[in-house]
Every structure is written in structure tokens, then in C-alpha cells.
Amino acid sequence: MTIPHTTQVAIIGAGPSGLLLGQLLHKAGIDAVILERQTGDYVLGRIRAGVLEQVCIDLLDEAGVGERMHAEGLVHGGFDLLFNGQRHRIDMHALTGGHNVMVYGQTEVTRDLMHAREAAGLPTVYEAMNVQVHGFDSTTPSVTYEKDGQKHTLRCDFIAGCDGFHGVCRASVPRNAIAEYEKVYPFGWLGLLSDTPPVHDELIYVNSPRGFALCSQRSKTRSRYYLQVPLTDRIEEWTDDAFWQELKLRLDAPAREHLVTGPSIEKSIAPLRSFVTEPMRFGRLFLAGDAAHIVPPTGAKGLNLAATDVKYLSEGLIGHYQGQSDTDLDAYSDRCLRRIWKAERFSWWFTSLMHQFPEDSPITAKFQNAELDYIVHSQAGSLTMAENYVGLPLDFGQPR
Ligand code: APR
Ligand code: PHB
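Quick look at the structure, then. (Residues numbered from 1 in each chain as written. Chains lettered and ligands numbered in written order. Predicted model: local features only at pLDDT ≥ 70, side-chain atom pairs only at ≥ 80, totals over all residues. Heavy atoms only, no water.)

### So, unusual backbone geometry
Alright, step 1. For the bond from E278 to P279, the omega torsion is -5 degrees, close enough to zero to count as cis.
Alright, step 2. Within the chain, D148 stands out as a residue other than glycine whose phi angle is a positive 50 degrees.
Alright, step 3. With respect to the helices, strands and loops of the structure, D148 is situated in the loop between β10 (142–147) and β11 (150–155).
Alright, step 4. For D148, a relative accessible area of 71% puts it in the exposed group. (Helix = DSSP H or I, 4+ residues; strand = E, 2+ residues; numbered from the N terminus. Buried < 20%, exposed > 50% of the residue type's maximum accessible area, 1.4 Å probe, protein only.)

The following block contains the structure:
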């Protein structure tokens, strides 16, 4: 690949946000170059959540990368809440008038996007080091980086900061131009991936006195389980046996009996955080996905939010290049944030409802149980859970 020196949109980061944006722009005839710090294999090695909302499914279809997802993804119309030793099903499909979610790993979404980009011969510079963004407050922004020891400059009209929570784009914005809202939770999630059949055909979210647990899946033969653990726990201390033993202690008897254990393929501890940046646009620099916001994983909103940011950003850029109008581009930050805060609220609420907090007194467990009992037995309570879980409609509550 010859390295381009000019493009319309310079995209920083080849995670799901950057790759999806690249694909949507390509469909609209807009040029983009993606600069990624890691190798493609490294990007595909990161295990993340795997529940897609309808809005995200539609967007992957629109980008032309939905084929394998529809063939291999699992459509789920409900999930279980386990608390007080009892399991209760939230029937999302019935409650929301026919909405479902798709269980399909983020790794697979990323792989499909990567293949589509490769097949279309679109430029991605992997192992682009020391990426720096310049002049985004002018009409002539640029990005500099090093590749194989050579310095490069990429001139562009716009920069899309799709470079995740630890990226360079948000960090390049003057401190007085940006507000950051953050909550760090006092525990982590220990995740284990295994080639074993899932314990149940839908997900089980568990509130137990020993802490939260989640039984999730990637396919009929691959499972993903999580345990709430103290932040001080180290991954080396958790043998596979210890993991399975602790998981069993948090499950109900039928699940415990059905659980098939096996060697882990991947095991890691992730911290939990709520984080939002306001605004998401700085002149000709736009932040999207984890670069602008993080949700705790309870409810799996991260990838779905990234997808809608990218949808709004692509609409803005298409409006600029094809419609000669910046109305959508100017509305980008507000449109995104309105949706983001609703998903942030839901993820924080679901996290608070399901976990044991170290500072809690016994009354909190009673409150959690009462609220969960209300949710599963009240139509209004169940619907609130279901409509947020399947994802609020695009532009929910927005006059457009
Ligand atoms: N230069 C170039 N690339 C960078 C830089 C940099 N300075 N910093 C980070 N990157 C790359 C990372 O290596 C990564 O591949 O940007 C990419 C960002 O990808 P993600 O972290 O996956 O973020 P995003 O694409 O927004 O995806 C959001 O990921 O974390 C989950 O819950 C989240 O599911 C959501 C999704
Ligand atoms: C996952 O499968 O990794 C997963 C599913 C649902 C969640 C979080 C993570 O809420």
C-alpha cells in the first residue's frame, strides 16, 4: 500500500468506531485514511461485549457487513434476572412490541469490518506510532505520525477521533474547552471465555450476596462468564477452577447443575467506569465511541453507543460533502450526548442494582431485592428494563 498524504477524513483508531465510520463514508464516496497504533491481530485479540441493539444491527447492514452476523449471530428475545435465589425472565420481545437483541461478539464485528475494508482496498496504516493531531481549529487540519521509523504528514478536511479511552485525540483538546464527567466503581469484572456450551439459551444477570455474576455467550459452543471481584484481585490468582467454583456459588441450583466447565481461552479483569466528555466536537475534530464516553459493561451499551455516534458523524460528513449543508455536522455533539446520557444512566442504574458495593450496609441489599422484585412483577418495571436493554429508538425524544 502506498501511504496517502491527503484525504478528506483522517480517522484515528481502527476499533469498531473507526472501521464502521470508514465503511459508511466509503459507501457515500468520501475518502478516509485510518491510522491505528496497534497491529490488526492485536485489535482482534481484545475480548469485549457482544450484545447488539437493532439500531446497531441496521447500521452494520447499511455498511454492507451484516451477512455473517445474520448467519451466525443469536437472536435473543429475553434474559434472566437471578436474585434472592430465584430466576425471572424479562421478555423483551413481548414487552417492547417485537424488539430483540443479537448476540454476536464485538471481535467478530471488528473482523467483518476489517475484511470489508481490505476487500475494498481502502487504506489503513497499522502500527502508526506517535500520532499527533494539528490545526483542528483551522480549515486545514493535519495528522503527523511515524511508520517504520519514517515521519509522515496526512492533510485532511476533518479528523475523527475514534481512538478509544486512552487515545491521543481527546488528550489534544485544550483543557478549558472540555468538561469530563466520571465515576469509577469500587470493583472489577473478571471475565472468562471458554469453548463450552452456554449454561442457558439466554443471558443470566445475577445479584447474589457474594457479588454480581453474568452468564453470557458467543455461540452455541462458546461461553463468556463474568464475576464481580475486588479491584485488588490479580488475574494470576484466579485459576480456572477457582473461577468455576465461585461462579457456581453465585448461581441457582438448576444453573449450577447445567453449567459445563472447561479450560479458559481468555481470562482478564476489567475496571468499571462511567465517563462522558462534553462537547464531542472541537472545530474540525470530532470524538466518537470510547474516545468520548465509557459505560460500565452491565447492559452492554458500549459498542451500541459507539455505533450511533458513528451514524450521526457519517450523516454530518455526508451532509457536508454531498448536501452542501453543515446542519447535521453542527448538531453532532448534541445529538450524540442526548443519547449517550440515557445509556449512561441505564448502565449506572443496572450496575448499581446488581452489584455489592463495599461501603453498603445491609439495608442496600434489601433495597436492591425490593427493586428487582418490583421490576420483574410490574409491567411498568419490566418495560423500563426491557426498552432500555433493547435500546431506545434513534433520536428518542428529539424534535427533528
Ligand atoms: N494512535 C492511533 N491509534 C490509537 C491511538 C493512537 N494514539 N490510541 C488508541 N488507538 C487505537 C487503539 O489501539 C484501538 O484500536 O484506537 C482504537 C480504539 O478502539 P476501541 O478502544 O475499541 O474504541 P471504539 O472503536 O470507540 O469502540 C468502542 O469498544 O471498549 C469497547 O465498550 C466499547 O464496545 C465499545 C467499543
Ligand atoms: C458479554 O457477552 O461479554 C456481555 C454481555 C452482556 C453484558 C456485558 C457483557 O451486559
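There's plenty left to go through after this.
### Some remarks on the site of ligand 2
Alright, step 1. Near ligand 2 you find 15 residues, and of these Y205, S216, R218, Y226 and G299 are the closest.
Alright, step 2. Taking G299, its main chain carries an N or O atom lying 2.9 Å from an oxygen atom of ligand 2.
Alright, step 3. Taking A300, its main chain carries an N or O atom lying 3.3 Å from an oxygen atom of ligand 2.
Alright, step 4. Surface burial for ligand 2 is 100%, taken as the share of its 280 Å² of free accessible area covered by protein chains.
Alright, step 5. At the level of secondary structure, the elements contributing two or more residues to the shell around ligand 2 comprise β15 (211–217) and β16 (223–229).
Alright, step 6. The residue makeup of the shell around ligand 2, split by class, is nine nonpolar, four polar and two charged. (Near = heavy atom within 4 Å. Polar contact = N/O pair within 3.5 Å; in protein donor to acceptor, adjacent residues only side chain to side chain. Areas by Shrake-Rupley, 256 points an atom, 1.4 Å probe, with all protein chains shown as cover. Nonpolar A, V, L, I, M, F, W, Y, C, P; charged D, E, K, R; others polar.)

### Here we look at the packing of helix α1 (residues 16–27) against helix α10 (residues 302–321)
Alright, step 1. Where α1 meets α10, the axes come as close as 9 Å, and the angle between the chain directions of the two elements is 35 degrees. Relative to α10, α1 is oriented so that their crossing is right-handed. Here P16, S17, L20, L21, L24 and L25 of α1 lie close against α10, whose contacting residues are L303, A306, A307, V310, L313, S314 and L317.
Alright, step 2. Partitioned by chemical class, the residues of the contact of α1 with α10 number eleven nonpolar, two polar and no charged. (Axes fitted to C-alpha atoms, helices over the stretch in contact; angles between N-to-C directions. Left-handed = near helix turned anticlockwise from the far one by under 90°. Contact = heavy atoms within 4.5 Å.)

### Considerations on helix α12 (residues 362–377)
Along an α-helix, residues three or four positions apart point the same way, because every turn accommodates 3.6 residues.
Alright, step 1. With 16 residues, α12 extends 23 Å from end C-alpha to end C-alpha; this agrees with the ideal 22 Å at 1.5 Å per step.
Alright, step 2. Those residues of α12 not exposed but buried are Q368, L372, I375 and V376. For α12, the arc enclosing every buried residue in end-on projection is 85 degrees, short of the 170-degree limit, so these residues lie on one face. Counted as exposed and oriented over 90 degrees from the buried face of α12: P362, K366, F367 and H377.
Alright, step 3. Summarising the contacts, the buried residues of α12 are in contact with β5 (79–83), β6 (86–90), β14 (204–208), α11 (327–354) and α13 (379–390). (Expected span 1.5 Å × (residues − 1). Arc of directions from axis to C-beta.)

### A word on the pattern of salt bridges
Alright, step 1. All chains considered together, the criterion is met by 24 salt bridges.
Alright, step 2. Between R68 and E108 there is a salt bridge whose closest N-O contact spans 2.8 Å. Taken as a pair, R68 in helix α4 (residues 67–72) and E108 in helix α6 (residues 106–119) lie far apart in primary sequence, 40 residues in all.
Alright, step 3. Residue R68 is classed as partly exposed on the basis of its relative accessible area, which comes to 25%.
Alright, step 4. Residue E315 is joined to K311 by a salt bridge in which the shortest nitrogen-to-oxygen separation is 3.0 Å. (Salt bridge = Lys/Arg side-chain N within 4 Å of Asp/Glu carboxyl O.)

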